[in-house]
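# Understanding the architecture of this molecule
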Amino acid sequence: MPPPALRQSAAPPFPGGRPEELPLGGVPSAPTLPPVPPVPPRRGLGDIPIKVVYLIGAIVATIAAVLLVFVVFSGDVPANQQPTGDEGVVRVAPLPSASATPSASASASATPSASPVVLPPVPASRALKASPGTPAVVIGTISDKTVGISYPRLAAPWQARSYPPYSIAQRIGKAEMPYTLIASAMYPGESPAKKPSSDADYREIATDAVRWAMRTQYPKGAAVEWTASQKIPVGKGWTLGYKVTYTAGGKSQVTQAVVTVVEVGKTKPAMLLASIPETNKARWPDLSTIARQVRPL
């Protein structure tokens, strides 16, 4: 019996399609890749949009202007800022010490080229009397952190101005003798050998401060008459009131003044000086306002 006819099997699949579809050699061809995009050309300065150039120029100009402002006006910035109540007050250099020999009483003697200032005996106690008239309105408090005291800031015509060698000053008019000012600074004499403790110590230091004021604030030959000698209202210290008589412009003139020294936690005390000539006689009542309200910080 003849063998059954063999069934013809289907041809195995060929990769890449039917045999007649294969390329020469029987190897399938690789797929075609897309072309590589060309490298964009580099841009030069001339290719930058004009709007971008203007924007960069404006930014550079603004930065330069800000830096210029800081450089030009850096000297106008106060070295030490004050708290609220004394805006506009300009800080200046500390008061230079008078040439003196240190002693237990902190006596500030005259400089070698200056004549000694002779003062009448200081009363142990005398209350400061308010001058007739209306005192200036108190519009705030000046807190002098450099010196360590606070005292009233007065309304116009008083103005806070830069006035070396004081730490802070309120003035009226021009900075010329005779001066109209209220100013704070450290005591201008040498530091005492030990910290003052008694009222008598501070009274003597206040007397030396008046002696310094007579050399620096008034014409030569001025005479002093005491109007007050009293303890400060708060803390340790002393206030002396005095009337100064002198000749200026061929005429006899009078100035009313007070000096207060205040213990501020250091061997050397702080000083508050107020001096008002008779050309501003209406402001004499302000002296008692200052003397009553000076305080250590």
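Presented here is a report on the structure given in the accompanying data block.

Calculation rules
- Residues numbered from 1 in each chain as written.
- Predicted model: local features only at pLDDT ≥ 70, side-chain atom pairs only at ≥ 80, totals over all residues.
- Heavy atoms only, no water.
- Helix = DSSP H or I, 4+ residues; strand = E, 2+ residues; numbered from the N terminus.
- Buried < 20%, exposed > 50% of the residue type's maximum accessible area, 1.4 Å probe, protein only.
- Areas by Shrake-Rupley, 256 points an atom, 1.4 Å probe, with all protein chains shown as cover.
- Core = buried A, V, L, I, M, F, W, Y, C linked by side-chain atoms within 4.5 Å.
- Patch = residues over 30% accessible without salt bridge, like charges linked within 9 Å, V, L, I, M, F, W, Y side chains within 5 Å.
- Salt bridge = Lys/Arg side-chain N within 4 Å of Asp/Glu carboxyl O.
- Pairing = 2+ DSSP bridges.
- Contact = heavy atoms within 4.5 Å.

### With respect to the overall build of the protein
If you tally the helices and strands in the protein, you get three helices and 10 strands. What you see in the protein, going N to C, is helices and strands ordered as α-β-β-β-β-β-α-β-β-β-β-α-β. Across the 297 residues of the protein, 38% fall into the buried class. Accessible surface computed for the protein: about 17700 Å², of which carbon and sulfur atoms make up 62%.

### Regarding the nonpolar core
Core analysis: the biggest nonpolar cluster contains 32 residues, and Y166, V210, M214, Y218 and Y242 have the highest contact counts within it. For this core, the secondary structure elements donating two or more residues are β5 (181–186), α2 (199–217), β6 (223–231), β7 (237–248), β8 (251–262) and β9 (270–277).

### Quick word on a nonpolar patch on the surface
A contiguous nonpolar patch, built from L55, I59 and I63 and spanning about 300 Å² of accessible area, is present on the exposed surface. You can see I59 is positioned in helix α1 (residues 50–73).

### Brief notes about the pairing of β7
The element β7 is extensively covered by neighbouring structure, given that nine of its 12 residues are classed as buried. One ladder, built from eight bridges, connects β6 with β7; its direction is antiparallel. When the bridges of β7 are listed, W226 appears paired with Y242. In sequence, β6 turns back onto β7 through a hairpin of five residues, with G235 there showing a positive phi of about 85°. The pairing of β7 with β8 spans 12 bridges and is antiparallel. Residue W238 lies in a different strand from β8, and its bridge partner there is V261. Taken together, β7 and the strand that follows it, β8, pair antiparallel across an intervening segment of two residues, in which G249 is found at a positive phi of about 65°.

### Considerations on the pairing of strand β2 (residues 149–154)
Where burial is concerned, most of β2 is hidden: six out of the six residues are buried. Across six bridges, the pairing between strand β1 (residues 138–144) and β2 is antiparallel. Looking at β2, one finds that I142 is bridged to Y151. Connecting the antiparallel pair β1 and β2 is a turn made up of four residues, with G148 showing a positive phi of about 105°. As paired elements, β2 and strand β10 (residues 295–296) share two bridges and run antiparallel to each other. Note on β10: the bridge partner recorded for I149 is P296.

### Concerning the environment of Q293
With respect to the helices, strands and loops of the structure, Q293 is situated in helix α3 (residues 286–293). For the pair Q293 and S150, spaced 143 residues apart in sequence, the C-alpha separation works out to 8.1 Å. If we ignore the near neighbours within four places in the chain, the residues touching Q293 are V138, S150, Y151 and P152.

### Section: the environment of S275
With respect to the element layout, S275 can be found in strand β9. According to the relative accessible area criterion, S275 is buried, its value standing at 1%. With 62 residues separating them along the chain, S275 and A213 place their C-alpha atoms 9.5 Å apart. Excluding its chain neighbours within four sequence positions, the residues that come into contact with S275 are Y179, T180, L181, Y218, T255, Q256 and A257.

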